[in-house]
Amino acid sequence: MPDIAIIGAGFIGLASAAALMRDGHHVTLFDPSGVGQGASFGNAGTFAHYACIPVNNPSVFSDLPRFLLSNDSPFRLRWGYLPQLAPWLVRFMMSSLPRRHEASAGALAALLGHAQDGYAPLLANEKLARFVRPRECLYLYSNGASFDAARAALDLRRKLGVAFDVLAAADIRALEPSLAPIFERGVLFNDSWHFSNPQDFLQTLYEQLAAQGLKLERTTVSAVRPFADGASVTADGNERRFSHVVVATGARSAQFARQCGDSVPLDTERGYHVRYPGAQQLISRPVGWAERGFYMTPMSDGIRIAGTVELGGFSETRNRSLIDLLTFSSKRALPALDTPDTNWLGVRPTLPDGVPVLGRSRASERVIYAFGHQHLGLTLAGVSGRIVADLIARRAPPLDLAPYAATRF
Ligand SMILES: Cc1cc2nc3c(=O)[nH]c(=O)nc-3n(C[C@H](O)[C@H](O)[C@H](O)COP(=O)(O)OP(=O)(O)OC[C@H]3O[C@@H](n4cnc5c(N)ncnc54)[C@H](O)[C@@H]3O)c2cc1C
């Protein structure tokens, strides 16, 4: 069988490789940075099958001005990037209107409904399953008014099939006694879990696939070109032909879509993490702090504090005040924390409606898109890989793919 090329070796590219190899395909991965070095490297590690409410939601209209102007806000804009971002931002605001938001939430919930099944073939493998920590995620509100403001979103989650329990302050302290007594309300999302280390999971997955013949070429792809019975990838000036090409380059995917006839308004939601080494015993599960926009996740090497949203493209410059916000807020939540030893910036790939692109390109059915997974790339990796393999095998995917088409823009 001729080779399939996958561009991008993050959660989406690796899960696609695994699904295609299960179907007996030979796969070549292209990525200059190696395995899991993009947004997949430093995320919060949560399997968030409950997270069907995208950032673009009706509360944005009241919250955004306050968020953008406050120093305590976990939501920021790099003002110098505004001229480039403006068209995306307008679409983002439009997709926050109630009816459009409900459509996005419905599309996300439908996909998330298959997220656990999507992971099943990967987690059937003992060496991969050992990275899973089956502890339900706890999401907290330090202020009763914020919890009240979140009720509409919680009601919509419930309507879309998400199961959760609402907790009072005493329940929260009983579950996680090391937390400061500053949280008034909480939500415990049933059946969620987290990875002890997302990057180690991906590296192990890669090693297993490499042992079965997966090739990795550490090079930057500059072009994808469809032709009659296949598609090509150009890297280092060489054009190579494949039976299919899968675009899984996260936030860098719009250029390849353009080459294949699709204009997708993909931009970034930058996010940060700080790590407290050796502190993982302080909490037993991922704990999110709603007002501060981050998760505290116990991982194999410490507690990772990951989150915030900064609209600002690809600039390498880190926003010190967001790193400081993560640091002082996490110490307020968990007073026993000491000093973080490292920080990280990653770029979430985000379409303005918050829904990923999964499907064939306009120019050719030989080019498959799998990108734009915003805050949910780890969670949706298994089902996205399965959809990629279904499309190439011409099998029916587990759900109608119309809401995820690149042509929706
Ligand atoms: C702070 C933070 C916390 C998060 N927490 C969670 C969470 O708890 N749960 C969850 O589900 N998701 C979470 N996410 C989101 C998740 O990390 C992303 O959605 C996911 O990593 C996207 O995976 P990807 O494979 O599409 O992209 P990436 O991981 O970015 O991979 C894309 C790859 O493409 C490669 N590439 C780019 N251009 C080229 C080119 N021209 N040629 C070859 N290769 C190229 C890059 O080197 C990169 O390795 C979080 C994100 C952040 C930033």
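Above this note sits the structure.
In what follows, the accompanying structure is described. Given the structure is predicted, the values throughout are model-derived calculations rather than measurements. (Residues numbered from 1 in each chain as written. Predicted model: local features only at pLDDT ≥ 70, side-chain atom pairs only at ≥ 80, totals over all residues. Heavy atoms only, no water.)

### Thoughts on the pattern of salt bridges
In this structure the tally under the stated criterion is 17 salt bridges. Between K215 and D3 there is a salt bridge, and its shortest N-O distance comes to 3.3 Å. With K215 in strand β10 (residues 215–217) and D3 in the segment before β1 (4–7), this pair connects stretches of sequence that are 212 residues apart. In this structure K215 comes out as partly exposed when scored by relative accessible area, which is 44%. Three or more residues are tied together by salt bridges with common partners; here these are D23, R386, D390 and R395. (Salt bridge = Lys/Arg side-chain N within 4 Å of Asp/Glu carboxyl O. Helix = DSSP H or I, 4+ residues; strand = E, 2+ residues; numbered from the N terminus. Buried < 20%, exposed > 50% of the residue type's maximum accessible area, 1.4 Å probe, protein only.)

### Some details on the site of the ligand
Around the ligand lies a shell of 39 residues, among which D31, S40, T46, H375 and T379 are the nearest. Here D31 contributes a side-chain N or O atom positioned 2.6 Å from an oxygen atom of the ligand. H375 has a polar backbone atom sitting 2.8 Å from a nitrogen atom of the ligand. Considering the ligand on its own, with 1000 Å² of exposed area, one finds that the protein chains cover 94% of that surface. No other element matches the 3 residues that strand β19 (residues 342–350) contributes to the shell around the ligand. Taken together, the residues of the shell around the ligand sort by class into 15 nonpolar, 21 polar and 3 charged. Residue assignment places the shell around the ligand across two domains, with domain 1 (4–40 + 200–265 + 354–408) and domain 2 (53–97 + 131–193 + 266–350) each supplying three or more. (Near = heavy atom within 4 Å. Polar contact = N/O pair within 3.5 Å; in protein donor to acceptor, adjacent residues only side chain to side chain. Areas by Shrake-Rupley, 256 points an atom, 1.4 Å probe, with all protein chains shown as cover. Nonpolar A, V, L, I, M, F, W, Y, C, P; charged D, E, K, R; others polar. Domains from an automatic or database assignment.)

### A short note on the nonpolar core
The biggest cluster of nonpolar side chains holds 76 residues, and the ones touching the most others in it are L14, L20, Y119, F195 and F201. Broken down by element, the residue count for this core peaks at 9 residues, all from helix α1 (residues 11–22). Counting only domains with at least three residues in this core, you end up with domain 1 (4–40 + 200–265 + 354–408) and domain 2 (53–97 + 131–193 + 266–350). With residues up to four places along the chain from it excluded, the contact list for L20 reads I4, I6, H25, V27, V246, V388, A389 and I392. Of all hydrophobic cores here, the second largest spans 29 residues; its members include L167, V287, F294 and I323. (Core = buried A, V, L, I, M, F, W, Y, C linked by side-chain atoms within 4.5 Å. Contact = heavy atoms within 4.5 Å.)

### Describing helix α10 (residues 198–211)
Across its 14 residues, α10 extends 20 Å between first and last C-alpha, which sits within 8% of the 20 Å expected from 1.5 Å per residue. In this structure N197 caps α10, since a side-chain oxygen of it lies 3.0 Å from the backbone nitrogen of Q199. Phi turns positive, to about 115°, at G213, one or two residues after α10. (Expected span 1.5 Å × (residues − 1).)

### Quick look at the layout of surface pockets
Within this model, the second largest pocket holds a volume of roughly 270 Å³. Forming the boundary of the second largest pocket are R91, S95, R100, A103, S104, A107, P352, D353, V355, P403, R408 and F409. Broken down by class, the residue content of the lining of the second largest pocket amounts to 6 nonpolar, 2 polar and 4 charged. (1 Å grid on protein atoms, 1.4 Å probe; cavity = no way out; pocket = protein on both sides within 12 Å on 5 of 7 lines; lining within 4 Å. Points joined across faces, edges and corners; volume = space filled by probe spheres on them.)

### As for helix α8 (residues 151–159)
Residues of α8 that are buried: L154, L156 and R157. Relative to the axis of α8, the buried residues are bounded by an arc of 160° and lie together on one face. The exposed residues of α8 that point more than 90 degrees off its buried face are A152, D155 and K159. On its buried side, α8 packs onto α4 (98–112), α7 (144–149), β7 (164–168) and β8 (185–189). Once α8 finishes, G161 follows within two positions and takes phi at roughly 100°, a positive value. (Arc of directions from axis to C-beta.)

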